[in-house]
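# Examination of the molecular architecture
What follows is each chain in one-letter form.
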Amino acid sequence: MKILLASSELHPYSKTGGLADMVGALAKFLAKAGHRVGVVTPLYQGIEEKFPDIKWFDWSINLPMGSKWVQGEIWTHEVSENLTIYFVRKPEYYFRNGLYEERHISFPDNSERFIFLSKCAVNLARHLAWKPEIVHVHDWQVGLVPLLIQHQHDEDGWVDPPRTCLTIHNLAYQGVFPKTHYELTNLPQKYFHPAGTEFFGMFNCLKAGLEFSDLITTVSPRYAREITTEVFGCALDGVLRRRQNALIGLLNGVDYEEWKTVGNPHLKHPYSIDDFSGKELNKVELQKELGLPVNPDIPLFGNISRLADQKGVDIQLGALEEMLATDMQFVQLGSGSPEFERGYRRLAERHPDKVSVTIGFDQGLSHRIEAGCDFFLMPSRFEPCGLNQMYSLRYGTLPIVRITGGLDDSVIDVSEDPDKANGIKFQEYSVRALAKAIRKALVLYADHELLDHYRHNAMSADFSWERSADAYEKVYKRLIGM
Ligand code: ADP
């Protein structure tokens with residue numbers, strides 16, 4: 001099949017979260033399976049320097065954006081014979097200190113930056129010599145693509161356009177702008193109504209994708225069900241219920257070529273399911289690196305995340321405050337809301353011998369935390385898929401998760417299956433429930449045999465991308481048959 005993906009972030013070129021990992025891995029594994037794959041993504045500041053093989057592509061882009069015309073360039077990276085990255089090069093839009101925001105303030109021209117990206121993706125879909133059959137877009141930044149394609153089919157002579165698929169990575173981010181920004185689409189007003197792109201008088205980019213794509217996927221089966229309810233639907237549950245027959249939940253995979261405990265350049269000590277001893281050595285290295293008392297016997301808890309309300313920061317801070325009275329350590333890596341950053345810094349100040357907090361983004365440290373910790377906390381309010389709990393499982397670091405979205409779909413609690421248990425789950429979104437789950441972890445930690453049993457189960461869980469890519473292939477086949 002011939003598939004064009006579009007995304008505002010793409011590992012290994014750009015990343016703020018799981019979106020980048022997912023699209024990067026999907027592209028790679030689809031190409032490995034023999035499909036012709038392209039990915040359209042912005043050329044952000046610094047990418048050219050890191051990837052000197054990126055080349056100018058003889059392709060002129062000059063597109064209407066409201067009342068003006070905007071020029072851009074397409075640059076390409078030929079990753080393999082059948083995988084090409086199409087970078088949209090427009091320094092005025094994309095060469096900034098941050099993908100979407102700077103100092104926690106969204107760029108005021110985000111609608112323009114990503115409508116332009118969407119139009120470039122459509123331009124490539126229409127004119128690339130290899131004629132993509134499927135256009136698969138990810139999240140609000142390219143949510144407009146299916147509508148632009150349909151419009152060009154209906155009114156601009158595009159005879160046989162590709163089928164479209166939209167993946168929702170997080171329904172909480174919708175790209176909602178004042179209705180005047182709709183003009184930047186150069187689409188007629190007829191699509192600006194409640195069964196189109198309008199959202200309570202505003203212009204909603206994700207909603208355009210939900211209304212006009214042929215199929216919609218999201219990143220776990222449970223989240224696919226959750227988002228059709230009022231509680232998780234972020235005011236789009238009505239649209240999603242209406243489109244329920246086109247909505248599919250597919251769990252993301254893990255790229256085990258990157259997230260591995262043997263041959264991983266970020267880890268000093270390799271270890272495997274047959275021999276956990278290297279894990280303990282990585283724990284000691286991590287304690288040293290982060291300036292914590294070095295003692296392999298102290299249970300070490302970790303968390304890596306965007307510091308956003310979704311991630312359960314408030315109950316985590318509350319539960320840790322209570323639980324740090326016991327003999328345990330906690331390491332945190334993340335950045336985000338200034339209020340949450342302050343909260344973690346204060347926690348570290350109050351417990352300097354037990355807590356290490358690193359504010360920032362550090363890929364290498366994220367591997368070392370995954371490998372060095374005994375338990376990984378993910379008390380999210382909601383979690384479309386979540387990747388860190390799956391990385392934790394592979395690293396034999398037991399995830400402690402709230403029962404929601406992909407966390408529920410990927411972790412097994414003892415109450416579900418004692419033989420296969422590989423983590424600890426809790427339901428209630430509260431300090432009390434999380435503290436209780438941490439207490440359970442401490443009991444488990446003291447029972448070496450049981451701990452090994454859980455670790456063994458965790459490391460043998462299989463979320464390989466081959467499986468997830470297979471599931472997407474089935475979706476594409478369904479699309480082509482439509
Ligand atoms: P989300 O996409 O909601 O941020 P996921 O768990 O799906 O959450 O994916 C987060 C990804 O981003 C993981 O690969 C995680 O390791 C990474 N990540 C998040 N924060 C940081 C950070 N501060 N440093 C390094 N990696 C991070």
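Preceding this section is the structure that the text describes.
What comes next is a walk through the structure. (Residues numbered from 1 in each chain as written. Predicted model: local features only at pLDDT ≥ 70, side-chain atom pairs only at ≥ 80, totals over all residues. Heavy atoms only, no water.)

## Topic: the sheet that holds strand β13 (residues 215–218)
Going by this rule: When DSSP finds two or more bridges between a pair of strands, those strands are recorded as paired. Note on conventions: DSSP H or I runs of at least 4 residues are helices, E runs of at least 2 residues are strands, and numbering of each starts at the N terminus. Axis lines are fitted through C-alpha atoms, for helices just across the contact stretch, and the angle between N-to-C directions can take any value from 0 to 180 degrees. In what follows, a contact means two residues having at least one pair of non-hydrogen atoms within 4.5 Å.
In space, the nine strands of this open sheet follow the order β3-β4-β5-β2-β1-β8-β9-β13-β14, with mixed pairing throughout. The open sheet has two edge strands, β3 (55–65) and β14 (247–249), and neither has a second partner. For this sheet, the mean angle separating the axes of adjacent strands, direction not counted, is 25°. Examined bridge by bridge, strand β2 (residues 36–42) and strand β5 (residues 83–89) share six bridges and lie parallel to one another. What sits directly across from V40, in β5, is Y86. Helix α6 (residues 205–212) contacts β9 (163–168) and β13 of the sheet and is inclined by roughly 130° relative to β9.

## Describing the site of the ligand
How we decide: For this description, a residue counts as near a given molecule or strand if any of its non-hydrogen atoms is within 4 Å of it. Here a polar contact is recorded for every N or O atom pair within 3.5 Å, except that within protein the pair must consist of a potential hydrogen donor and a potential acceptor, and residues adjacent in sequence are included only if both atoms are side-chain atoms. Only the protein chains shown count as cover for residues, and all accessible areas are computed by the Shrake-Rupley method using a 1.4 Å probe. Residue polarity is assigned by list, with Asp, Glu, Lys and Arg as charged and Ala, Val, Leu, Ile, Met, Phe, Trp, Tyr, Cys and Pro as nonpolar; anything else, Gly included, falls into the polar class. Throughout, the edges of the domains are those of an automatic or database domain assignment.
Neighbouring the ligand are 19 residues; G18, D21, R306, K311 and G360 lie closest to it. The contact in question runs from an oxygen atom of the ligand to an N or O atom on the side chain of K15, over 2.9 Å. Within the backbone of L387, an N or O atom sits 3.0 Å from an oxygen atom of the ligand. Bound to the protein, the ligand loses 93% of the 560 Å² it would expose on its own. Of all elements in the fold, only α1 (18–32), β15 (300–307), β16 (329–336) and α13 (388–394) reach the threshold of two or more residues within the shell around the ligand. Considering every element that reaches the shell around the ligand, the biggest residue donor is β15, with three residues. Partitioning the shell around the ligand into residue classes produces five nonpolar, eight polar and six charged. There are two domains that each give the shell around the ligand at least three residues, and those are domain 1 (2–253 + 466–480) and domain 2 (277–463).

## Looking at the layout of surface pockets
Definition in use: Grid points spaced at 1 Å over the protein atoms alone were grouped into cavities, where a 1.4 Å probe fits but cannot get out, and pockets, open sets with protein on both sides within 12 Å along at least five of seven lines, with lining residues defined by an atom within 4 Å of a point. Grid points are joined across faces, edges and corners, and a volume is the space filled by probe spheres set on the points.
Here the second largest pocket is characterised by a volume of approximately 390 Å³. What lines the second largest pocket is a set of 19 residues, among which E133, D160, P161, P162 and R163 lie closest to the centre. If you list the elements that add at least two residues to the lining of the second largest pocket, you get α4 (110–127), α5 (145–155) and β9. In terms of residue count, α5 provides more of the lining of the second largest pocket than any other element does, four residues in total. Each residue belonging to the lining of the second largest pocket can be placed in one class, and the counts come to nine nonpolar, three polar and seven charged.

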